[in-house]
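One letter stands for each residue in the lines below.
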Protein chains: 2
Amino acid sequence: MDTLTSKPLDKQAALARRYGAAIPAAGPWNAMIAGQLEHRSVRSYKPDPLPTGTVETLIAAAQSAATSSNMQWWSAIAITDPEKKKVLAEVAGGQKHIEQCPLFIAWVADMARHQRISEQEKVEFESMPWLETFMVACIDAALAAQNAVVAAESLGLGTVYIGAMRNDPVRVAKLLGLPRQSFVVVGLCVGYATEAGAGEVKPRLPQASVLHFERYDAANERAERRAYDAEMEKFSQRHELQAGTWTQRVLNRLGPIRSMNGREKLRMVLASLGFEIR
Amino acid sequence: MDTLTSKPLDKQAALARRYGAAIPAAGPWNAMIAGQLEHRSVRSYKPDPLPTGTVETLIAAAQSAATSSNMQWWSAIAITDPEKKKVLAEVAGGQKHIEQCPLFIAWVADMARHQRISEQEKVEFESMPWLETFMVACIDAALAAQNAVVAAESLGLGTVYIGAMRNDPVRVAKLLGLPRQSFVVVGLCVGYATEAGAGEVKPRLPQASVLHFERYDAANERAERRAYDAEMEKFSQRHELQAGTWTQRVLNRLGPIRSMNGREKLRMVLASLGFEIR
C-alpha cells in the first residue's frame, strides 16, 4: 500500500504523532489503520495529472459507503476545468490549492434526484421538507466523501476538504448547473502533495475528552484541554500559525460572527435553493 | 489485511458486485479500496467479545478524519452494557442486532464541549446557534464514524449504522447522560458477523447517475434508474425483501410521512435539547 508515511506499521509512533503525550491504549492494528492515522490536509499540489480512472475508483469507494435506507442522497461533480476552479477558489476566499489540484470534487447533497422521481412517478413525497431529511442528505454526502478520502490517501494522493463552498452556495450552484434542492455541502481537492504541502499530522484532543464509556463524562475535560493546548502550541510554533493553543483557536473561530464569512445566512440561502428544512 | 471477502484484489468482480452490469471504468486499485468495495451492513452478530483496545483503535481512526477548522465537534459513547443496549434497541423499533453486538458506538454531535469553553473562558460564542454550525457538527461526527467503519471492516469486523437513534433523541440523551447541545446523530453496531449476517454487497445506482463531469447532468437518469431497478429487483428476490425495485423503495420511504417514525419532529425535539439551528 502506498501511503504518505514511511513507517506505517509502527503503532506507538503513529499514535504519538496524532496525540502527542496522551497516547491511547489502542489494540488491533494494521496497514490500513496506520494509513488512516497518517491523514493530514494537503494545501499545496503538484500539477501532475492523475492516472486514468482515478475519479471512477474514488466514486466506487464513495458509493460503497453506507447510505441511509439506501436512498443515496448525494451526487459528485468532478471538476478539472481551470476556469471553474478559479471561480471556486474565489468563492473560497482565494484558496490557491483549489486552482492547483488536478481534480476538485464537489460533494452535493442531492434531494433533486428524489424530487424528480416524485414528479416522474406522480407520487407526492411527504418526507422531503424536514430537517431530518436534509440532515440525512448531508450525512450521506459526508460518508461518501470520507470513503473517497481514505481511498485517495491509500493511493498516495493528498486531499483537503473545502467547507468554504458554503460561503456562496448560490454562485457555486449556478457554476455547476445544479438543480433546485441540491447544493454543494463540501468540496475536496485531490492531487499529489508538493514536498512542503505534505505537512505534518495534526494532534487531536486526548481520547479521554471525546470517548466516553457507557455515559457522557466531561469531569476531567478542563485538564485534558490544557494538555492539548500545550501540544497544539508546539504544533503552531513549528508551523508559524497565529492561534497558539486550541482554546485560542476555538475562541477566534466561534467568538465573533464575522469568522463565519456570511455562513450564518445558510438557512436563508438554502431556502432560496429550494430546501425547506422544517 | 483481513476483510470479509476472499478475493479482495479482483477489481472487475468487486465492481460487478457493487454495480451489477453497469461497471464503471475504475483505474488505480489496491487491497484497501477492494476492502471498501466489499462493505455491507451487518445485522446479525456473534456474541464474541472484541480484542482489548478495539474501541480505542477505532476512535484513533475516527479522530484522524478531517474536522472543520479542527473544531472536533463530536464525541463517541462506547456502550457494552446489555441494559442500555436493550433500551437503545427499543428506541430503534426493536432492532435485535443492537442487543446482539458486543460494542455499540453512539456518535454524538457535541456542541456542549464548545459551550463549556465559552463559559469557562467567559467569551460569548456568536457562531453557535446557526444551521451552518449544527450541520458542520453533524458532518464532523459522520466523517469520524465513517473512518471508524473503514477501520473496523479492515479488522474483519462488521458494522451497521443505526439512524433510528433519532426516533427519540431525548430518551437516548437521558440514557447516556448527554448535556444540552449534544445529541446522538447515529449509532453503530460493531462485532463479528454471523455466517448469515455477513450478507451480500448491495448494488448502488450506476456511476453515471451520481458522478457528473464539470456540470450536473441528469439527461440519462431515467434509463439508468430503470437499469438499477432491474439490479435491485434481482437483489430483493435473492433476499426476500418486500420492495422489489429501488424506485418502489424510494416511493415507500419518502411518500407517506408515517415512514419517518416521528422524525419529522426532529427540529422541535432538538430545540428542546438546546439546539437553535437558526
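So, a few notes on the structure that sits alongside this text. These figures come from a predicted structure and were not determined experimentally.

Brief notes about the interface of chain B and chain A
Listed as interface residues are 125 residues of chain B and, on the opposing side, 125 residues of chain A. Of the roughly 10,900 Å² buried between chain B and chain A, counting both surfaces, carbon and sulfur atoms make up 59%. The largest share of the area that chain B buries against chain A comes from Glu214, Tyr216 and Leu254 of chain B, three residues that together contribute 8% of it. Between Arg166 of chain B and Glu132 of chain A there is a salt bridge whose closest N-O contact spans 2.7 Å. For the pair chain B and chain A, the number of links is 78 residue pairs in polar contact (both at pLDDT 80 or more). Broken down by element, the side of chain B that touches chain A gets its largest block of residues, 15 residues, from helix α7 (residues 131-154) of chain B. Taken together, the residues of the side of chain B that touches chain A sort by class into 68 nonpolar, 30 polar and 27 charged.

Here's the deal with the relation of the copies chain B and chain A
When chain B is brought onto chain A, the operation consists of a screw motion whose angular component is 180 degrees and whose axial shift is 0.0 Å, with 0.0 Å RMSD remaining. Taken together, the rotation angle and the small translation identify this as a two-fold axis. Take the interface residues of chain B: 100% of them recur as interface residues in chain A, which is what a same-surface contact looks like.

A closer look at the sheet that holds strand β5 (residues 211-213) of chain A
Here we have five strands laid out as an open sheet, ordered β5(A)-β1(B)-β2(B)-β4(B)-β3(B), and mixed in their pairing. The sheet terminates laterally at β5 of chain A together with β3 (158-162) of chain B, the two strands that pair on one side only. This sheet shows a mean twist of 25 degrees between the axes of neighbouring strands, independent of strand direction. The pairing of β3 of chain B with strand β4 (residues 182-191) of chain B spans five bridges and is classified as antiparallel. If you follow Ile162 of chain B over to β4 of chain B, its bridge partner there is Gly187 of chain B.

Points about unusual backbone geometry
Residue Asn70 of chain A is not a glycine yet carries a positive backbone phi of 55 degrees. With respect to the element layout, Asn70 of chain A can be found in the loop between α3 (54-63) and β1 (74-79). For Asn70 of chain A, a relative accessible area of 2% gives the class buried. At Gln72 of chain B, a residue that is not glycine, the phi angle is positive and equals roughly 55 degrees. You can see Gln72 of chain B is positioned in the loop between α3 (54-63) and β1 (74-79).

Definitions and limits used
- Per chain, residue numbering runs from 1 following the sequence as it is written.
- Here every chain gets a letter starting at A, and every ligand a number starting at 1, in the order they are written.
- Under the rules for a predicted model, residues below a pLDDT of 70 receive no local features and side-chain atom pairs below 80 are neither given nor counted, while totals for whole chains, interfaces and linings still include all residues.
- Excluding hydrogens and water, the side-chain figures rest on all heavy atoms present in the structure.
- Here, residues are in contact when the closest pair of their heavy atoms is within 4.5 Å.
- Two parts lose some accessible area (1.4 Å probe) when they are put together, and adding that loss for both gives the buried area.
- The term salt bridge refers to a pairing of a side-chain nitrogen on Lys or Arg with a carboxyl oxygen on Asp or Glu at a separation within 4 Å.
- Here a polar contact is taken to be a pair of N or O atoms separated by no more than 3.5 Å, where protein atoms must pair a possible hydrogen donor with a possible acceptor and residues adjacent in sequence count only if both atoms sit in side chains.
- Elements are defined by DSSP. Helices are runs of H or I of four residues or more, strands are runs of E of two residues or more, and each kind is numbered from the N terminus.
- Each residue is assigned to one class: nonpolar for Ala, Val, Leu, Ile, Met, Phe, Trp, Tyr, Cys and Pro, charged for Asp, Glu, Lys and Arg, and polar for all the others, Gly among them.
- The copies are overlaid by a least-squares fit using only the C-alpha atoms of residues whose pLDDT is at least 70 in both copies.
- We treat two strands as partners when DSSP finds at least two bridges between them.
- Convention adopted: a line fitted to C-alpha atoms gives each axis, helices being fitted over their contacting stretch, and angles between N-to-C directions are expressed from 0 to 180 degrees.
- Each residue's exposure class comes from its accessible area (1.4 Å probe, protein chains only) as a fraction of the maximum for that residue type: buried when under 20%, exposed when over 50%, partly exposed otherwise.

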